[in-house]
Amino acid sequence: MNFKQIASYDNYMLANMTMGLMTENDIKCQLKDENIVTMDPLLNAAVGGIKLLVEEKDYDKALALMIEAENDYLKDIPCPSCKSLSLTVEEKTNAPADFWDKLKNQVLFGQTSTYKKGYRCANCKKYFSELPPSF
Ligand SMILES: [Zn+2]
């Protein structure tokens, strides 16, 4: 069986919630490094958080579920700026074909393509790199 990392969490509760969602939908998954993180949160940064792994054949399905769940969750989070319930996920992949742009990414981020995720309010158009703490 081949497992593939689909996400990483610094929050044990969130990792477990996502795992519950996968299990409900018959997707086999497992958490990696959860013991280390739970025992010693300070080690979290060192191991890169709790990793959620799913079976490779279920990867696409699992990813779609996660996006759906996140959008569902966002519906109840007011925009920190205008308080409207209009937040959407905004994902940006920067995978340049140009040699110099690749080199720039390599130097700045240690890899040739970068991925960034944030949230944008559809109402006031403000961009947030992180969600406001909700619990
Ligand atoms: Zn707003």
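These figures come from a predicted structure and were not determined experimentally.

1. Some points on the overall build of the chain
Along the chain, the regular secondary structure elements total 5 helices and 6 strands. Scanning the chain from its N terminus toward the C terminus, one meets helices and strands in the order β-α-β-α-α-β-α-β-α-β-β. Counting the 135 residues in the chain, one finds 12% classified as buried. Considering only residue pairs separated by 6 or more positions, the chain has 59% of its internal contacts joining residues 24 or more positions apart.

2. Concerning the sheet that holds strand E2 (residues 29–32)
Spatially, 3 strands are ordered E1-E3-E2 in an open sheet, and the strand pairing comes out antiparallel. Sheet topology places strand E1 (3–9) and E2 at the edges, where each strand pairs with a single neighbour. For this sheet, the mean inter-axis angle between neighbouring strands, taken without regard to orientation, is 30°. Each of E1, E2 and strand E3 (50–55) touches helix H1 (residues 12–24); the most contacted strand, E3, lies at about 10° to it. Packing against the sheet, helix H4 (residues 59–74) makes contact with E1 and E3, and its axis sits at approximately 20° to E1.

3. A closer look at H1
Between its first and last C-alpha, H1 extends 18 Å over 13 residues, near the 18 Å set by a 1.5 Å rise per residue. Listed in full, the buried residues belonging to H1 are Ala15, Thr18, Met19 and Met22. Buried positions in H1, seen along its axis, are confined to an arc of 100° and lie on one side of it. In this structure, H1 carries Met13, Gly20 and Glu24 as exposed residues pointing more than 90 degrees from its buried face. Just downstream of H1, aspartate 26 is the residue with a positive phi angle, here 60°.

4. Here's the deal with unusual backbone geometry
One non-glycine residue with positive phi stands out, namely aspartate 26, at about 60°. Here aspartate 26 lies in the loop between H1 and E2. Since 8 C-beta atoms lie within 10 Å of it, aspartate 26 is described here as exposed. Within the chain, lysine 125 stands out as a residue other than glycine whose phi angle is a positive 70°. Looking at the element boundaries, lysine 125 is found in the loop between strand E5 (114–121) and strand E6 (127–128). When the 11 C-beta atoms within 10 Å are taken as the criterion, lysine 125 is described as exposed.

5. Examining the packing of H1 against H4
Contact geometry for H1 and H4: axes closest at 10 Å, N-to-C directions at 125°. As judged from the angle between their axes, H1 and H4 are oblique. Here the hand of the crossing between H1 and H4 comes out right-handed. Packed against H1, whose contacting residues are Thr18, Leu21 and Met22, the element H4 presents Ala62, Leu65, Met66 and Ala69 at the interface. Class assignment of the residues belonging to the contact of H1 with H4 gives a composition of 6 nonpolar, 1 polar and no charged.

Quick notes on the rules
The numbers attached to residues start from 1 for each chain and follow its sequence in the written order. Per-residue local features are limited, in this predicted model, to residues with pLDDT of at least 70; the limit for side-chain atom pairs, both in listing and counting, is 80 or more; totals at the level of whole chains, interfaces and linings are taken over all residues. Elements are defined by DSSP. Helices are runs of H or I of four residues or more, strands are runs of E of two residues or more, and each kind is numbered from the N terminus. With C-beta atoms placed from the backbone, a residue counts as buried when 20 or more other C-beta atoms lie within 10 Å of its own, as exposed when 12 or fewer do, and as partly exposed for counts between those limits. Residues are defined as contacting one another if the C-beta atoms placed from their backbone atoms lie within 7 Å. The criterion for strand pairing is that DSSP finds at least two bridges linking the strands in question. Here an axis means a line fitted to C-alpha atoms, over the contact stretch when the element is a helix, while the angle between two N-to-C directions is reported on a 0 to 180 degree scale. Between the first and last residue of a helix there are one fewer steps than residues, each counted as 1.5 Å, and that sum is the expected span. By construction, the arc corresponds to the directions joining the helix axis to the C-beta atoms. Orientation is classified from the angle alone, with under 35 degrees giving roughly parallel, over 145 giving roughly antiparallel, 65 to 115 giving roughly perpendicular, and any other angle giving oblique. What makes a crossing left-handed is the near helix being turned counterclockwise from the far one by less than a right angle; a clockwise turn instead makes it right-handed. Residue classes follow a fixed rule: Ala, Val, Leu, Ile, Met, Phe, Trp, Tyr, Cys and Pro count as nonpolar, while Asp, Glu, Lys and Arg count as charged, and any other residue, Gly among them, counts as polar.

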